[in-house]
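# Secondary and tertiary structure notes
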Amino acid sequence: KNDSIQLVALPDETEGKRSRLEKNDVLVSITADLGSIALIPDSIGEAYINQHIAMIRFNNPAQGEYMAWYLKSDYGQKDLLKNKRGGGKLGLGLDDIRDTPVPIVSDQEAKATLAQIEARLSVCDSIEQTVEVSLKQVEAMRQSILKCAFEGRL
């Protein structure tokens with residue numbers, strides 16, 4: 001979501017370069033909403049992370065989207081969050097992120113998996129649209145029945 005963008009002055013040249021986001025970087029929330037995952041799109045423009053976010057930049061950027069989906073999965077979340085620490089305020093360290101195992105797949109296998117995910121999400125979107133249309137129809141019928149009832153036509 002880009003609804004709460006904040007502009008900041010970077011502390012120095014090195015920190016700015018190190019924390020600047022690039023396409024296909026994977027972000028992990030290491031405080032608060034622990035383990036939330038985001039993938040940086042082409043359209044991000046100039047953006048930087050803060051101390052509450054870990055950035056994962058894979059040697060092969062083409063693997064970023066696949067890895068983001070993996071880390072969002074039940075398997076990825078289990079591996080990612082097994083090292084969480086703290087009492088009332090849970091957190092992850094950068095070493096915890098570094099030590100999280102991820103599957104090694106070829107670019108071809110990653111693309112095939114992403115195609116399957118997209119196909120299934122497309123089906124979900126279609127079902128969601130059908131449900132929304134049906135709910136609107138049900139509400140219209142309800143209103144029509146109520147109108148008829150109050151007019152004494154039932």
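The following paragraphs examine the structure supplied in this document. (Residues numbered from 1 in each chain as written. Predicted model: local features only at pLDDT ≥ 70, side-chain atom pairs only at ≥ 80, totals over all residues. Heavy atoms only, no water.)

## A closer look at the overall build of the protein chain
Helices and strands together make up the secondary structure of the protein chain, namely 5 helices and 3 strands. Starting at the N terminus and ending at the C terminus, the protein chain contains elements arranged as α-β-β-β-α-α-α-α. For a compact globule of 154 residues, the expected C-alpha radius of gyration is about 15 Å, and the protein chain comes in at 22 Å, more than 25% above that figure. Along the longest, intermediate and shortest principal axes, the C-alpha atoms of the protein chain span 75 × 40 × 35 Å. Residues classed as buried in the protein chain amount to 26% of the 154 residues present. Considering only contacts within the protein chain whose residues lie at least 6 apart along the sequence, 63% involve residues at least 24 apart. (Helix = DSSP H or I, 4+ residues; strand = E, 2+ residues; numbered from the N terminus. Rg over C-alpha atoms; globule rule 2.2 N^0.38 Å. Buried < 20%, exposed > 50% of the residue type's maximum accessible area, 1.4 Å probe, protein only. Contact = heavy atoms within 4.5 Å.)

## Here we look at the packing of helix H2 (residues 64–72) against helix H5 (residues 107–150)
In a pair of packed helices, the angle between the axes and the distance between the axes together describe the arrangement. The geometry of H2 relative to H5 is characterised by a closest axis approach of 9 Å and an angle of 60° between their N-to-C directions. Taken together, H2 and H5 sit at an angle that is classed as oblique. For the crossing formed where H2 meets H5, the hand is left-handed. Along its contact with H2, which presents Glu 65, Tyr 66 and Trp 69, the element H5 presents Ala 110, Thr 113, Leu 114, Ile 117, Glu 118 and Leu 121. (Axes fitted to C-alpha atoms, helices over the stretch in contact; angles between N-to-C directions. Parallel < 35°, antiparallel > 145°, perpendicular 65-115°, else oblique. Left-handed = near helix turned anticlockwise from the far one by under 90°.)

## A few points about the packing of H2 against helix H3 (residues 74–81)
Their axes nearest at 4 Å, the elements H2 and H3 cross at an angle of 75°. Taken together, H2 and H3 sit at an angle that is classed as roughly perpendicular. Only Asp 74, Tyr 75, Gly 76, Gln 77 and Asp 79 of H3 make contact with H2, whose side of the interface consists of Tyr 70, Leu 71 and Lys 72. Class assignment for the residues of the contact of H2 with H3 results in 3 nonpolar, 2 polar and 3 charged. (Nonpolar A, V, L, I, M, F, W, Y, C, P; charged D, E, K, R; others polar.)

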